Amino acid sequence: MGASILAGRDRFSLDNGMDLRLLSALEVLQARREAGELAREDRERALCSNACLLARALERTEDHSPVFADGRAVLAGLTVEEIAALAGRWSRFCRAEDPGPDLSEEELENVKKNSAPSRESGCGGGC
């Protein structure tokens, strides 16, 4: 995902050579679909959803390559507790950095100001 126009930061370092990053809407949908295929019962859906989300959000700091190939690899490589803890950190990071549609008028004006091209850039808004 490219930088979000609303997000403050688009990645968060775990200080262990790995980062968690914000996901695009498409990536979240893909994670949900993959989780639906992995989960055999309703009670497995939350764990599978978190694993599939982490497969997309967890990257190596050095080159931004995925740590895991898919949700199944996350389930095979991490404990339930690790998946829950990382998914919780991602969720808190996402809420803090990607404010969503409930911005106040003042916050929205700041986003507009910060995303508008400067006169010095010579860019007409397309870059």
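See the structure shown above.
What counts as what
- Residues numbered from 1 in each chain as written.
- Predicted model: local features only at pLDDT ≥ 70, side-chain atom pairs only at ≥ 80, totals over all residues.
- Heavy atoms only, no water.
- Helix = DSSP H or I, 4+ residues; strand = E, 2+ residues; numbered from the N terminus.
- Expected span 1.5 Å × (residues − 1).
- Contact = heavy atoms within 4.5 Å.
- Axes fitted to C-alpha atoms, helices over the stretch in contact; angles between N-to-C directions.
- Parallel < 35°, antiparallel > 145°, perpendicular 65-115°, else oblique.
- Left-handed = near helix turned anticlockwise from the far one by under 90°.
- Nonpolar A, V, L, I, M, F, W, Y, C, P; charged D, E, K, R; others polar.
- Pairing = 2+ DSSP bridges.
- Core = buried A, V, L, I, M, F, W, Y, C linked by side-chain atoms within 4.5 Å.
- Buried < 20%, exposed > 50% of the residue type's maximum accessible area, 1.4 Å probe, protein only.

As for helix α1 (residues 25-38)
1) Next: Here α1 contains 14 residues, and its C-alpha end-to-end distance of 20 Å stays within 8% of the 20 Å for a straight helix at 1.5 Å per residue.
2) Next: Contact partners of the buried residues in α1: β2 (18-21), α2 (45-57) and α3 (71-77).

Focus on the packing of α1 against α2
1) Next: The interhelical angle for the contact between α1 and α2, taken along N-to-C directions, is 135°, at an axis separation of 8 Å. Taken together, the axes of α1 and α2 are oblique relative to one another. Crossing of α1 against α2: the hand is right-handed. Two secondary-structure elements touch here, α1 through E27, Q30, A31, R32, E34, A35, G36 and L38 and α2 through R45, C48, S49, C52, L53 and R56.
2) Next: Looking at the contact of α1 with α2, its residues break down into six nonpolar, three polar and five charged.

Concerning the pairing of β2
1) Next: Relative to β2, strand β1 (residues 11-13) is paired through three bridges, and the arrangement is antiparallel. Paired with S13 across the two strands is D19, which belongs to β2.
2) Next: Following β1, the chain reverses through four residues before pairing antiparallel with β2; D15 in that reversal takes a positive phi of roughly 60°.
3) Next: Sheet analysis places β2 next to strand β3 (residues 58-60), joined by three bridges and oriented antiparallel. Paired with M18 across the two strands is R60, which belongs to β3.

What about the nonpolar core?
Most often, soluble globular proteins have nonpolar side chains that are buried together.
1) Next: L20, L54 and V74 are the most contacted members of the largest nonpolar core, which has 15 residues in total.
2) Next: When residues of this core are assigned to their parent elements, the largest contribution, five residues, is made by α2.
3) Next: In this view, V74 contacts A51, L54, A55, F68 and I83; residues no more than four positions away in its chain are not counted.
4) Next: With six residues, the next largest nonpolar core counts A35, L38, C48 and C52 among its residues.

With respect to the sheet that holds β3
Sheet strands pair via backbone hydrogen bonds, and the direction of the pair is either parallel or antiparallel.
1) Next: Strand order in the open sheet formed by three strands is β1-β2-β3, and the pairing between neighbours is antiparallel. The outermost strands of the open sheet, each flanked by one partner alone, are β1 and β3. Neighbour to neighbour, the strand axes of the sheet diverge by 35° on average, direction disregarded.
2) Next: Sitting on the sheet, α2 is in contact with β2 and β3, with an inclination near 30° to β3.
3) Next: Along the sheet face, helix α4 (residues 80-97) touches β1, β2 and β3 and points at about 50° away from the line of β2.

Some remarks on α4
Residues three or four positions apart in an α-helix share a direction because the helix packs 3.6 residues into each turn.
1) Next: Along its 18 residues, α4 runs 26 Å from first to last C-alpha, staying within 8% of the 26 Å computed at 1.5 Å per residue.
2) Next: Along α4, the residues classified as buried are I83, L86, A87, G88, W90, F93 and E97.
3) Next: At its buried positions, α4 is contacted by β1, β2, α2, β3 and α3.

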